[in-house]
Amino acid sequence: MLRRLNKKVIGFLLLALLSVLSYTPQILASNTSNSGNVIFIHPDGTSAAHWGATRILFQGPDGRLNWDKMSNLAVYLGHMKNQLSATSNGGAVTHATGVKVNADSFGLDENGKPVVALSGKPQTIMEEAMSAGKATAIINSGMIHEPGTAAFLAKSPSRRNFADITKQIVESGADVILGGGEMWYLPKGTAGRHTTAEKSQRTDSLNLVEIAKKKGYTVVYTRDELLKLPTNTKKVLGIFAADDTYNDDTEENLKKQNLPLYVSAAPTVAEQLDVTLNIFSQKRKNFLIVLEEEGSDNFCNFNNAIGCLTALKRADDAVGVAMKFIEKNPNTLLVTAADSDAGGLELVGATEKDFPFDKPLPEKGKNGAPWDGKEGTGSLPFISAPDKQGRRFPFAISWSGFGDNAGGIIAKAHGFNAGLLNGTVDNTDIYRLMYRTLFGKELRNL
């Protein structure tokens, strides 16, 4: 009896030893093998204050944005490896790999090697998803080389290598690529649908549009063309502007040039997401979509208040599209996070006596901080949407600077695995949550 018991104990110990020897440090066995879809929406440069001002303007003090209705939230810590304030490229690399990097990184470490992700692979989560046969898409309101999405598909010694980053994106094989930046697809001297021959920027003679067509991409250039795509389209390349799909400048300069905030013929990020989801619904396999509203960062850094809040409304519309999709596809996770606080926006509220509806706001607050009304400095105040009693309130937008700050960022989640986001999270946790959902594996810190 004792001898048989000893054999059982020895067998158990051997099994335990084999388990330890075969253990991969980065990956813990998940509680369930279930995996699902991921939609990551990156409203660049947006803090809780940005969302609050957007809510007041478009929904009123008692209203709620789509973003407000997401089920889970956490305070987001966005510091980099070598500084407290995040950069767009450094923050995107962290989201794409789950590893803190230096502020100047665009997918490479200090030795110029590809960042090894938290999964243990020298791939971003999107590259790993593609290797696993999952559907992938990037969507951006800015040029396609914008880091918030581009860092999921490209690596470069500098974020300024726009031509090479655009080339890597086209060559990546992602199923859907939507954004601006036609000038970086075409060689100098070649005119496109949006860019002139003089404005085209490539110096390597490559025509990336033609290369994309040979790779099987259907190329579209306008909202109408995008919305008319059949849902069985296999690969889509959308190029919606010569540069960005918005005109990022101050209110005053845009007025002088008679320029709108957004290019009228370009689709919104919400429309782009809706088309992408319709296409992916036909593929019958899990997917990863990374979407960035870049206007919220650029307009805010120009201290253009109406541009900033309009961009946030567009991002919120995309959140609404994702939430509607989740209602019918509960195996889908929606997660949102910015990496910085652009311009240091704050809402300044006062009574109508102090901020008359029909009189321009002061140009500055008492501490010297610049104030914006609905048409810029020294203009009439913003007026909120009605509250529950139908009352509207005047307000100004105050700015602390022109750059990206380490402000009050809130991450949110909705749908599949949303309950895993709570409390206070690090920027690396965004990757961890996406990975858990996409691959059904929980990751631990390196």
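Residues numbered from 1 in each chain as written. Predicted model: local features only at pLDDT ≥ 70, side-chain atom pairs only at ≥ 80, totals over all residues. Heavy atoms only, no water.

## Remarks on the UniProt feature "binding site: Mg(2+)" (unreviewed entry) in the protein
Point 1. Sites flagged by UniProt as "binding site: Mg(2+)" (unreviewed entry) map to Asp44 and Glu292. Of the residues just listed, which span 249 residues, no C-alpha pair is farther apart than 6.7 Å, and they cluster in one region.
Point 2. Mapped onto the elements of the fold, Asp44 is located in the loop between strand E2 (37–43) and helix H2 (48–58).
Point 3. By relative accessible area, Asp44 is classed as buried at 0%.
Point 4. Once residues within four sequence positions are removed from consideration, Asp44 is found in contact with Ser88, Glu292, Glu293, Glu294, Ser296, Asp297, Asp339 and Ser340.
Point 5. Its place among the elements puts Glu292 in strand E8 (residues 287–293).
Point 6. Excluding its chain neighbours within four sequence positions, the residues that come into contact with Glu292 are His42, Asp44, Ile139, Asn140, Ser141, Glu146, Gly148, Thr149 and Val269.
Point 7. Polar side-chain contacts of Glu292 include one of 2.7 Å to the side chain of Asn140. (UniProt positions renumbered as here; feature names shortened; annotations may be inferred. Helix = DSSP H or I, 4+ residues; strand = E, 2+ residues; numbered from the N terminus. Buried < 20%, exposed > 50% of the residue type's maximum accessible area, 1.4 Å probe, protein only. Contact = heavy atoms within 4.5 Å. Polar contact = N/O pair within 3.5 Å; in protein donor to acceptor, adjacent residues only side chain to side chain.)

## Structural notes on the pairing of strand E3 (residues 72–77)
Point 1. In this structure, E3 lies alongside strand E16 (residues 410–415), joined through four bridges in antiparallel fashion. Bridge pairing links Asn72 to Ala413 in E16.
Point 2. Sheet topology note: the E3/strand E17 (residues 424–426) ladder contains three bridges and is parallel. Its bridge partner being in E17, Leu77 is matched across the sheet by Asp426. (Pairing = 2+ DSSP bridges.)

## Re the pattern of salt bridges
Point 1. The tally for this structure, following the rule as stated, stands at 17 salt bridges.
Point 2. A salt bridge links Glu271 to Arg223, with the nearest nitrogen and oxygen atoms 2.9 Å apart. Of the two residues, Glu271 sits in helix H10 (residues 269–283) while Arg223 sits in helix H8 (residues 223–227), which places them 48 residues apart along the sequence.
Point 3. Between Asp429 and Arg432 there is a salt bridge whose closest N-O contact spans 2.2 Å. Linking Asp429 with Arg432, this pair stays in helix H13 (residues 428–439), spanning three residues, or about one helical turn.
Point 4. Given the relative accessible area of 24%, Asp429 is considered partly exposed.
Point 5. Arg432 sits in the buried class, given a relative accessible area of 16%. (Salt bridge = Lys/Arg side-chain N within 4 Å of Asp/Glu carboxyl O.)

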